[in-house]
Amino acid sequence: ASHILLDTQANIEFFSTTFGIERGRFSCVYIGSDETLFSPQPEPESNQVIVIYHGSYLPLQGIDSVIHATALLNADKTIRFHMLGNGLEYERIQKLVAELKVENIDFLPAVPVEKLPAAIARAEIALGGHFSSSSKASRVIAGKTFQDLAMGKATIVGDTSANHELLTHAFDAWFCPVENPRALAESIQTLAQDASLRRAIGSNARQTFLKTASIPVLTGQLQAVAQKVIKGK
């Protein structure tokens, strides 16, 4: 390849080191999200704080930590979880929920991308992840994280090198140690109990997204890369 696009600096470091490719042949372009679909909507009116996970149940997402965190919060009737989607580990997670006798989760079916913003809008807190300790999870920023940021949601993310490239704890996201259900439960409770903190983080999240991962920003970056490659030839 004349030039290689990757989604984080952490991935560039990994690919460069692993395959012996000079760093100058790489550019970082975030995955981003379509802000014409994913944009802030009015806050939901509910007597509970809704926490949403939306995804495809892949191992690197660390869903076990999410489920064990919900179990720790089972007695807190002010918090409810929406688990939206389906995928590889869905059936196993259903069995885990039954074993733990978790009663504060609603499992919702996957929806087309154009209906996903409405589902996210019903929540006050989003679980962006990834919460797995796998090496890949530490090097990438989840696609759902960009969607949640674009919608201005208070988003909990894994305390990983990739997420630190983009986000700042307690400013535009809430960082949580990976594979630590108790820390995740405490993070959820902290945000659930402080609406002002949620709104501040959500507002900053939207601004961070617009400055770093919106369509105009990514378009400009791709144009610059294309021009660089053409001139290099």
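The shown structure was predicted, so the numbers you read here are calculated from the model rather than taken from an experiment.

K.L.:
Hey, could you run me through the overall build of the chain in this one?
P.N.:
For the chain, the count of helices and strands is 10 helices and eight strands. Over its C-alpha trace the chain gives a radius of gyration of 18 Å, about what one expects of a compact globule, namely 17 Å for 233 residues. Taken along its principal axes, the extent of the C-alpha atoms in the chain is 60 × 35 × 30 Å. When burial is assessed residue by residue, the chain has 49% of its 233 residues classed as buried. Summarising the internal contacts of the chain: among those between residues at least 6 apart in sequence, 72% fall at separations of at least 24. Put simply, the chain shows about 11,000 Å² of open surface, and 54% of that area lies on carbon and sulfur atoms. A gap of 5 Å separates the mean positions of the 21 positive and 23 negative side-chain charges of the chain.

K.L.:
I keep staring at the sheet that holds strand S7 (residues 154-158) and nothing clicks. Help me out?
P.N.:
Working definition: the strands of a sheet are paired by backbone hydrogen bonds and lie parallel or antiparallel to each other. Taken in spatial order, the six strands line up as S5-S4-S3-S6-S7-S8 in an open sheet, and their pairing is parallel. The strands lining the two open edges of the sheet, one partner per strand, are strand S5 (105-108) and strand S8 (174-176). The sheet shows a mean angle of 25° between the axes of neighbouring strands, taken without regard to direction. In terms of strand pairing, strand S6 (residues 125-129) meets S7 through four bridges, oriented parallel. Note on S7: the bridge partner recorded for Ile125 is Ala154. Packing against the sheet, helix H6 (residues 143-150) makes contact with strand S3 (49-55), S6 and S7, and its axis sits at approximately 150° to S6. Seen against the sheet, helix H8 (residues 181-192) touches S3, strand S4 (79-85), S6, S7 and S8 and runs at an angle of roughly 160° to S8.

K.L.:
What's the story with the nonpolar core in this structure? I'm lost.
P.N.:
As a rule of thumb, nonpolar side chains are buried together in soluble globular proteins. If you look at the biggest cluster of nonpolar residues, it comprises 33 residues, and the most contacted ones within it are Ile67, Met83, Leu127, Ile156, Leu184, Ile188 and Leu191. No other element matches H8, which puts six residues into this core. Ignoring sequence-local partners within four residues, the contact set of Ile156 consists of Ile125, Ala126, Leu127, Gly128, Gly129, Phe131, Trp174, Cys176, Leu184, Ser187, Ile188 and Leu191. One finds Val29, Val157, Ala205 and Phe209 within the second-largest nonpolar core, a separate group that totals 27 residues.

K.L.:
Hey, could you run me through the packing of aromatic side chains in this one?
P.N.:
Geometrically, a pair of aromatic rings is defined through the distance of the ring centres and the angle of the planes. All told, the structure shown has six aromatic pairs when counted by the stated rule. Consider the rings of Tyr57 and Tyr90, whose centres lie 5.2 Å apart with planes at 85°: the pair is edge-to-face. With Tyr57 in the loop between S3 and helix H2 (63-72) and Tyr90 in helix H3 (residues 90-100), the pair connects residues that are 33 residues apart, well separated along the chain. Tyr90 carries the same exposure label as Tyr57, and that label is buried.

Definitions and cut-offs
- Residues numbered from 1 in each chain as written.
- Predicted model: local features only at pLDDT ≥ 70, side-chain atom pairs only at ≥ 80, totals over all residues.
- Heavy atoms only, no water.
- Helix = DSSP H or I, 4+ residues; strand = E, 2+ residues; numbered from the N terminus.
- Rg over C-alpha atoms; globule rule 2.2 N^0.38 Å.
- Buried < 20%, exposed > 50% of the residue type's maximum accessible area, 1.4 Å probe, protein only.
- Contact = heavy atoms within 4.5 Å.
- Areas by Shrake-Rupley, 256 points an atom, 1.4 Å probe, with all protein chains shown as cover.
- Lys, Arg positive; Asp, Glu negative; His and termini not counted.
- Charge placed at Lys NZ, Arg CZ, Asp CG, Glu CD.
- Pairing = 2+ DSSP bridges.
- Axes fitted to C-alpha atoms, helices over the stretch in contact; angles between N-to-C directions.
- Core = buried A, V, L, I, M, F, W, Y, C linked by side-chain atoms within 4.5 Å.
- Phe/Tyr/Trp six-rings, centres within 6.5 Å; stacked < 30°, edge-to-face > 60°.

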